[in-house]
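The primary structure of each chain is shown beneath.
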There are 2 protein chains.
Amino acid sequence: MGEQGSRGPAAPARLRAGVPDATVARLPGYLRALRALADAGRTTVSSEALATAAGVGSAQLRKDLSHLGSYGTRGVGYEVAELVFHISRALGLGRRWPVVLVGVGNLGHALAGYGGFDDRGFSIAALFDVDERRIGERVGEQRVRHLDDLDDVVGAFGVCIGVIATPAHAAQDVCDRLVAAGVTSILNFAPTLLRVPPQVDVRKVDLSNELQILCFHEHRKGFALVEPLLDESMTGEVSA
Amino acid sequence: MGEQGSRGPAAPARLRAGVPDATVARLPGYLRALRALADAGRTTVSSEALATAAGVGSAQLRKDLSHLGSYGTRGVGYEVAELVFHISRALGLGRRWPVVLVGVGNLGHALAGYGGFDDRGFSIAALFDVDERRIGERVGEQRVRHLDDLDDVVGAFGVCIGVIATPAHAAQDVCDRLVAAGVTSILNFAPTLLRVPPQVDVRKVDLSNELQILCFHEHRKGFALVEPLLDESMTGEVSA
DNA sequence: CCGACTTTGTGCATCCGTTCACAAGCGCGT
DNA sequence: ACGCGCTTGTGAACGGATGCACAAAGTCGG
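Keep in mind that what you see is a predicted model, and the values were worked out from it rather than measured.

1. Quick notes on the overall build of chain A
- Helix and strand content of chain A: nine helices and 10 strands.
- Classification of the 240 residues of chain A by burial places 44% in the buried group.
- The contacts in chain A between residues at least 6 apart in sequence include a share of 53% that link residues at least 24 apart.
- Carbon and sulfur atoms form 53% of the exposed surface of chain A, whose accessible area is close to 12100 Å².

Structure below.
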């Protein structure tokens, strides 16, 4: 993607196209912090205050926001409502996004009942499973449908986001069917690497991975206490 | 930090201490891919094959592994079992880590029943909630205990990892109690930013965040189809 | 109307992570 | 025994992200 030439002063310098991934990943956090501030009655907020509320540095916050445009007032700060609007629009939350969820086991139930969906901008278009015993079961406002109906639902609602909450062994097959039906963004809770065509985005959430990462740091903390600067030669030959 | 002089062949150059975070975050993925290979009967694997299985580039895999040591054989590849051992050890998975889970709602149930825990290296030391109606309920092999018992359990099992699966409004309080009890790593499923002392690690998993990030890319795809190179001037004045 | 104070937006330097490309090392066939 | 081909490990270039520090720009009080 070639974005060049921000030099032209006549052009309003729209760099909307080039929002770095790292920034995008933080925008939802800013949005949440802003909503909390709005609920608390604040109408304006400084970069310092918002950054603290979102858990980042103020310089980083300003740089992130600068990628969306100049929506602050120097000497004052940002207007909360305005910033919410602009961040929402940058994230594409202007419309309501229908989402399909596949796999209505323990996790699927939890996700379907989670506030995170209907909360802001997302609605569950349908729940799917392949287990005959679950078909027809009511979960929230939806009834569980058979995965074979996927194409119909995706077509009818214009769904482009799918959530996979199946066991690992079924995930790739479900993924393929989602992609075939036209879904182009997938959130995967199954502990498997999904193979998808290049135009499809996948994000993975894996409990086990996260625990192992925490575990590493915990492990290091332990060593930091006992032997701050020694290398661990004695643990080098446990095998054999 | 100062690793220079690979010229000295006598010094074994132990850089175990300096494993980059980005590398650590990928190690669990390598581990999973290696286990899959082992289950398939493979005893050795090249960086190219393992990288493909883990969804990364081969150069990145080799560099990541080089941070743990030199456990490959040139011209051959890596021995699967050996690599599993070394990565496991680097992650601190040599022992079994007890974990406490707070919040036994929909999500808590799902997490407790998830294979990811007992699967590899983790075991649930106890489940906690504050809702009297849930105290005593059996979930898996555990009974739900009251959060007031937290200190006892953490002390008795030497727990240092806690998982928060409560509603957002309760998360900070639960977090404080976990930290006070001695927990130093927290996996947070509640959509809130947790305030913790600097020595405590927090990782956050947020459904809504992930969906919004996907949403952004989906949003961009839509524009890419309609107007590949135009900037979106007409969407600039939706307000007012 | 002006000057002092506040806060944004951003150039710049730095750091970290990724990728390339290749020399070093190992096994194998002859 | 020896060279050939394969794969690792890593130096080095590259690109992106982070944080600092300050000029630009606005508000507010006098």
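Anyway, onward from the coordinates.
2. A look at the protein's contact with DNA strand C
- In the vicinity of DNA strand C, 26 residues are found, and the nearest of them are Ser47, Arg62 and Tyr78 of chain A together with Arg26 and Arg74 of chain B.
- Backbone atoms, meaning sugar and phosphate, make up 66% of the atoms of DNA strand C lying within 4 Å of the protein.
- A distance of 2.5 Å separates a phosphate oxygen of DNA strand C from a polar backbone atom of Ser47 of chain A.
- Between a sugar or linking oxygen of DNA strand C and a side-chain N or O atom of Gln60 of chain B, the distance comes to 2.8 Å.
- Where the surface near DNA strand C is concerned, the elements lending two or more residues are helix 3 (58-66), strand 2 (72-73) and strand 3 (77-79) of chain A together with helix 1 (21-39) and helix 3 (58-66) of chain B.
- A total of four residues in the surface near DNA strand C trace back to one element, the largest contributor, which is helix 3 of chain B.

3. Comments concerning helix 3 of chain B
Residue and element names in this part refer to chain B.
- Of all the residues in helix 3, the buried ones are Ser58, Leu61, Asp64 and Leu65. For helix 3, the arc enclosing every buried residue in end-on projection is 125°, short of the 170-degree limit, so these residues lie on one face. Looking at helix 3, the residues exposed on the side facing more than 90 degrees away from the buried face are Ala59 and Lys63.
- Considering only its buried residues, helix 3 is in contact with helix 1, helix 2 (47-54), strand 3 (77-79) and helix 4 (80-91).

4. Some words on the protein's contact with DNA strand D
- Every one of the 25 residues lining DNA strand D counts as a neighbour, but Arg26, Gln60 and Arg74 of chain A together with Ser47 and Tyr78 of chain B are closest to it.
- Here, DNA strand D places atoms within 4 Å of the protein, and 65% of those atoms are sugar or phosphate.
- One nitrogen or oxygen atom from the side chain of Arg62 of chain A is found 3.4 Å from a base nitrogen belonging to DNA strand D.
- At the level of elements, helix 1 (21-39) and helix 3 of chain A together with helix 3, strand 2 (72-73) and strand 3 of chain B are the ones that each hand at least two residues to the surface near DNA strand D.
- Looking at the surface near DNA strand D, the element that brings in the most residues is helix 3 of chain A, giving four residues.
- Looking at side-chain class alone, the surface near DNA strand D contains seven nonpolar, 10 polar and eight charged residues.

5. Description of the packing of helix 2 (residues 47-54) of chain A against helix 3 of chain A
Residue and element names in this part refer to chain A.
- For the pair helix 2 and helix 3, interaxial distance at closest approach is 8 Å and the crossing angle is 100°. By the angle between their directions, the pair helix 2 and helix 3 is classed as roughly perpendicular. Within the contact between the two elements, helix 2 uses Ser47, Glu48, Leu50 and Ala51 and helix 3 uses Ser58, Leu61 and Arg62.
- Tallied by class, the residues present in the contact of helix 2 with helix 3 amount to three nonpolar, two polar and two charged.

6. Here's the deal with the sheet that holds strand 10 (residues 201-204) of chain B
All names here are of chain B.
- Strand order in the open sheet formed by seven strands is 6-7-5-4-8-9-10, and the pairing between neighbours is mixed. The sheet is open, and its two borders are formed by strand 6 (138-139) and strand 10, each paired with just one other strand.
- Relative to strand 5 (residues 122-129), strand 4 (residues 97-102) is paired through six bridges, and the arrangement is parallel. Paired with Leu101 across the bridge in strand 5 is Leu127.
- Contacts from helix 5 (residues 106-113) reach strand 4, strand 5, strand 6 and strand 8 (161-164), with the element oriented near 160° to strand 4.

7. Details of the pattern of salt bridges
- According to the stated counting rule, one finds 20 salt bridges over all chains in the structure shown.
- The residue Asp206 of chain B makes a salt bridge to Lys204 of chain B at a minimum N-O spacing of 3.9 Å.
- When salt bridges that share partners are traced, they join Arg32 of chain A together with Lys204 and Asp206 of chain B into one network.

8. Brief notes about the relation of the copies chain B and chain A
- Of the transformation superimposing chain B on chain A, the axial component is 0.0 Å and the angular component is 180°, with the fit at an RMSD of 0.1 Å. Viewed as a symmetry operation, the transformation between the two copies matches a two-fold axis.
- Comparing contact sets, 99% of the residues at the interface of chain B also lie at the interface in chain A, consistent with an isologous, same-surface contact.

9. Considerations on the sheet that holds strand 3 of chain A
Residues and elements named next belong to chain A.
- Taken in spatial order, the three strands of this open sheet run 1-3-2, and their pairing is antiparallel. Both outer strands of the open sheet, strand 1 (44-45) and strand 2, are each paired with one neighbouring strand and no more.
- By the bridge criterion, two bridges tie strand 2 to strand 3 in an arrangement that is antiparallel. Note that in strand 3 the partner of Gly72 across the bridge is Tyr78.

What counts as what
- Numbering of residues begins from 1 in every chain and follows the order in which that chain's sequence is written.
- Chains carry letters from A onward and ligands carry numbers from 1 onward, assigned in written order.
- This being a predicted model, a pLDDT of at least 70 is required before a residue's local features are given, and a value of 80 or more before pairs of side-chain atoms are given or counted; all residues contribute to the totals for chains, interfaces and linings.
- The basis for every side-chain value is the complete set of non-hydrogen atoms in the structure, without hydrogens or water.
- Strands are runs of DSSP state E lasting at least 2 residues, helices are runs of H or I lasting at least 4, and numbering of each runs from the N terminus.
- For every residue, the accessible area (1.4 Å probe, protein chains only) is compared with the maximum for its type, and the residue is labelled buried under 20%, exposed over 50%, or partly exposed between those bounds.
- Only heavy atoms enter the contact rule, under which two residues are in contact if any of them lie within 4.5 Å.
- Note that accessible areas follow from Shrake-Rupley with a 1.4 Å probe, and for residues the cover is restricted to the protein chains shown.
- Any residue with at least one heavy atom within 4 Å of a molecule or strand is counted as near it.
- Pairs of N or O atoms within 3.5 Å make up the polar contacts considered here, provided that, within protein, one atom can donate a hydrogen while the other can accept it, and that residues adjacent in sequence are counted only when both atoms are side-chain atoms.
- Here, the arc refers to the directions that run from the helix axis to the C-beta atoms.
- Under the grouping applied here, Gly and all other residues not named as nonpolar or charged are polar, the nonpolar ones being Ala, Val, Leu, Ile, Met, Phe, Trp, Tyr, Cys and Pro and the charged ones Asp, Glu, Lys and Arg.
- Here, axes are lines fitted to C-alpha atoms. For helices the fit covers the stretch in contact, and angles between N-to-C directions go from 0 to 180 degrees.
- An angle below 35 degrees is read as roughly parallel, one above 145 as roughly antiparallel, one from 65 to 115 as roughly perpendicular, and any other as oblique.
- At least two DSSP bridges between two strands are required for those strands to pair.
- For this analysis, a salt bridge means a side-chain nitrogen from Lys or Arg found within 4 Å of a carboxyl oxygen belonging to Asp or Glu.
- Here the copies were fitted onto each other by least squares, based on C-alpha atoms from residues at pLDDT of at least 70 in both.

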